[in-house]
Amino acid sequence: MSQLSNSPSSAVQHVRLIFFLVIIAYFMDIIDASIVTVALPSIRLEFGASIANSQWIYGAYAITLAGFLLLMGRAGDIYGQKKIFVGGLVIFTIASFTGGIAPSLLSLIISRSVQGIGAAMTTVTAFAIFIRIFPEGPERNKALGYIVAVLAGGFAAGAVVGGVLTTFLGWRWVMFINVPIGIGATILCQRYFPIGGGSLQNQHLDIPGALTVTSGTMLLVFGLTNAAGLGFTSVLTYIPLIASVLVLGLFLLIESRSVSPLVPLSFIRRGSVLTANILALVLTSVVGGVGFIIPVYFQNILGYSALDSGLLTLPPALIFFIVGGFVASRLVNKFGAKKILLVSSGLIAIGTLLLTLPPALIFFIVGGFVASRLVNKFGAKKILLVSSGLIAIGTLLLTPMSPNGNPFILMPGLLIWALGASIGFPAISIAAVAGTKPGEEGLASGVVSTSSRMGFPIGLAILLTVAGAFDPPSSAAGIVAGFQVAVVAASLIGVLGFLIALRLKDVKPAWASGNWKPNEVAVQ
């Protein structure tokens, strides 16, 4: 705070402005992901691209983004977060402009890959700056909730803005819109961000570690992206995956022997860091996989338009916005990260299972263990009235996730699923950066950001591979059967998350006591 201003009131204003710029970095990344997805059909039409080729418009961005997170996070610790953050804004802005004027699909994909590098630089340093300006405790948790709210709102807004821009101005404005935002953010950063070098100015960047972790991560995401469309038996899938394992294994060997490692293994083993990052990987894999399957089911099986499908996913999005943004941090403050993550993973597993729960299983559970207790408490008449009403409604709504199903019967499962995810993601971030020391902000940000980013392609590859085993191309019933099995698999992954959360070293809500000091480390 003293770096910002000698005046306390001015310092607070500058911290708020810096936090606003941090939020802009996240907003640009999340809205870009949402907005470009909406514009993909128009881009395919202009360039005459196949669906397989056009997927790289987003795939190239995702690969470079995930690949450069660890490197850029650590570079910020060494060379200064401001330099990396502003450099990332400049790169992202320039790449957005070149993408908007791209004359071919290949040039657009190249611009998107450069955009991914810029996004890695801004998002990972944004979180590192966030860790530095908000000491560990209630204020950090509350501010993290605001970031989650912005992410949820940005994703929903991106779908709307992308549709408007594509419809009235053309898909190129989906890229151009980032340019004025990037220029404005760069000017504000240059003026208000504190000047200074990195916290580890006497330490050199671990070049061998940087090269191996970046290339290994990019190979892994490339292989997983191919697995989602081609399966794990494709040469384009298993060769990159095997290569990624070898390269990342070399990275671990380098780090264990390096004097100044990119990722000190002692940091990974500290407190809740390793468990929280594994949990981030597991839970984001469920959210990423299910979040892909549900809109496809609404549009391709039930025949809803993209707009109607977006409206159907609005209630879960509101759960993310309200609970993730304004409730989750308070729950962590009161109960600690471990309890919240246990509840979160349990709700994700249950909510996912409800999307495809067979009626026979409901008969078994409710009829066998619940119904008699309800009759004892409320009497037969009331229960029969409720029963006949539910039968009528259930008949109208048909079976969850069936070829002729009704999307509203999926809503209870989706809402429970969204509730679990919305309280879980802030808790994961809080646990993953708890006890971070000065000079480790970029490292902590890079590790948890990479874990979260990797979960999406992993979940998508696993669940689509499972679904593909039951997916005859000409049969809607076969596609739905595949989706049902995939959703059950996602629920089992959620159970795995619950078991992992049991091993978490809890982040104590020590700030609930009157003796806590703002810079006190609160890790058990």
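Just so it is clear, the structure is predicted and the values come from calculations on it, not from any experiment.

Undergrad: Give me the overall build of the protein chain: which residues, what numbers.
TA: For the protein chain, the helix and strand inventory stands at 21 helices and zero strands. Residues classed as buried in the protein chain amount to 51% of the 524 residues present. Pairs at least 24 residues apart make up 83% of the contacts formed inside the protein chain by residues separated by at least 6 positions. For the protein chain, the exposed surface amounts to about 23500 Å²; the carbon and sulfur share of it is 72%.

Undergrad: Any chance you could break down the environment of Leu312 for me, citing the residues and the numbers?
TA: Looking at where Leu312 falls in the secondary structure, it is placed in helix α13 (residues 306–312). Here the alpha-carbon distance between Leu312 and Phe408, two residues 96 residues apart in the chain, equals 8.1 Å.

Undergrad: Before we move on, could you go through the nonpolar core and cite the residues and values that matter?
TA: Ranked by size, the top nonpolar core spans 107 residues in total, and within it Phe130 and Tyr297 carry the most contacts. Among the elements that line this core, the one with the most residues is helix α12 (residues 273–301), at 14 residues. If we skip the residues at most four places from it in the chain, Phe130 touches Phe19, Val22, Arg140, Ala143, Leu144 and Ile147. Formed by 25 residues, the second largest nonpolar core is a distinct cluster that contains Val36, Trp56, Ala102 and Trp171.

Undergrad: Quick one: what's the story with the side chain of Thr284, residue by residue and with numbers?
TA: Relative to the assigned elements, Thr284 resides in helix α12. In contact with Thr284, other than residues within four places in its own chain, are Phe425, Ser451, Ser452, Gly455 and Phe456.

Undergrad: Help me get a handle on a nonpolar patch on the surface, residues and values and all.
TA: Residues Tyr146, Leu311, Leu314, Leu318, Phe321, Ile322, Phe326 and Val327 make up a contiguous nonpolar surface patch of about 660 Å² in total accessible area. Sort the elements by how many residues they give to the nonpolar patch and helix α14 (residues 314–335) lands first, with six residues. Residue position: Val327 is located in helix α14. Judged by its relative accessible area of 33%, Val327 falls in the partly exposed class.

Undergrad: Could you give an account of the packing of aromatic side chains, naming the residues involved and the relevant values?
TA: Here the structure, examined in full by the defined rule, presents six aromatic pairs. A ring pair is formed by Phe97 and Phe176, whose centres lie 5.9 Å apart and whose planes are at 45 degrees; its orientation type is tilted. In this pair, Phe97 is assigned in helix α4 (residues 81–100) and Phe176 in helix α7 (residues 172–176), connecting sequence segments 79 residues apart. Its relative accessible area of 42% is what places Phe97 among the partly exposed residues. Among the aromatic residues, ring-to-ring pairing joins Phe19, Phe127 and Phe130 into one connected group. Over the aromatic face of Tyr61 sits the side chain of Arg112, whose NZ or CZ is 4.4 Å from the ring centroid.

Undergrad: Can you lay out the packing of α14 against helix α19 (residues 411–433) for me, pointing to particular residues and giving the numbers?
TA: The contact between α14 and α19 brings their axes to 8 Å, and the two run at 40 degrees. Put simply, α14 runs oblique to α19. Of the two possible hands of crossing, α14 and α19 adopt the one that is right-handed. In this structure, α14 contributes Pro315, Pro316, Ile319, Phe320, Val323, Gly324, Ala328, Leu331 and Val332 to the contact, and α19 contributes Met411, Leu414, Leu415, Ala418, Leu419, Ala421, Ser422, Ile423, Phe425, Pro426, Ala427 and Ile430.

Undergrad: Please set out the pattern of salt bridges residue by residue, giving values where relevant.
TA: Applying the stated rule across the entire model yields two salt bridges. In this structure, Glu46 engages Arg172 in a salt bridge whose closest nitrogen and oxygen atoms are separated by 2.7 Å. With Glu46 in helix α1 (residues 8–47) and Arg172 in helix α7, this pair connects stretches of sequence that are 126 residues apart. Given a relative accessible area of 44%, Glu46 falls into the partly exposed group.

Criteria and thresholds
- Residues numbered from 1 in each chain as written.
- Predicted model: local features only at pLDDT ≥ 70, side-chain atom pairs only at ≥ 80, totals over all residues.
- Heavy atoms only, no water.
- Helix = DSSP H or I, 4+ residues; strand = E, 2+ residues; numbered from the N terminus.
- Buried < 20%, exposed > 50% of the residue type's maximum accessible area, 1.4 Å probe, protein only.
- Contact = heavy atoms within 4.5 Å.
- Areas by Shrake-Rupley, 256 points an atom, 1.4 Å probe, with all protein chains shown as cover.
- Core = buried A, V, L, I, M, F, W, Y, C linked by side-chain atoms within 4.5 Å.
- Patch = residues over 30% accessible without salt bridge, like charges linked within 9 Å, V, L, I, M, F, W, Y side chains within 5 Å.
- Salt bridge = Lys/Arg side-chain N within 4 Å of Asp/Glu carboxyl O.
- Phe/Tyr/Trp six-rings, centres within 6.5 Å; stacked < 30°, edge-to-face > 60°.
- Lys NZ or Arg CZ within 6 Å of the ring centre and 35° of its normal.
- Axes fitted to C-alpha atoms, helices over the stretch in contact; angles between N-to-C directions.
- Parallel < 35°, antiparallel > 145°, perpendicular 65-115°, else oblique.
- Left-handed = near helix turned anticlockwise from the far one by under 90°.

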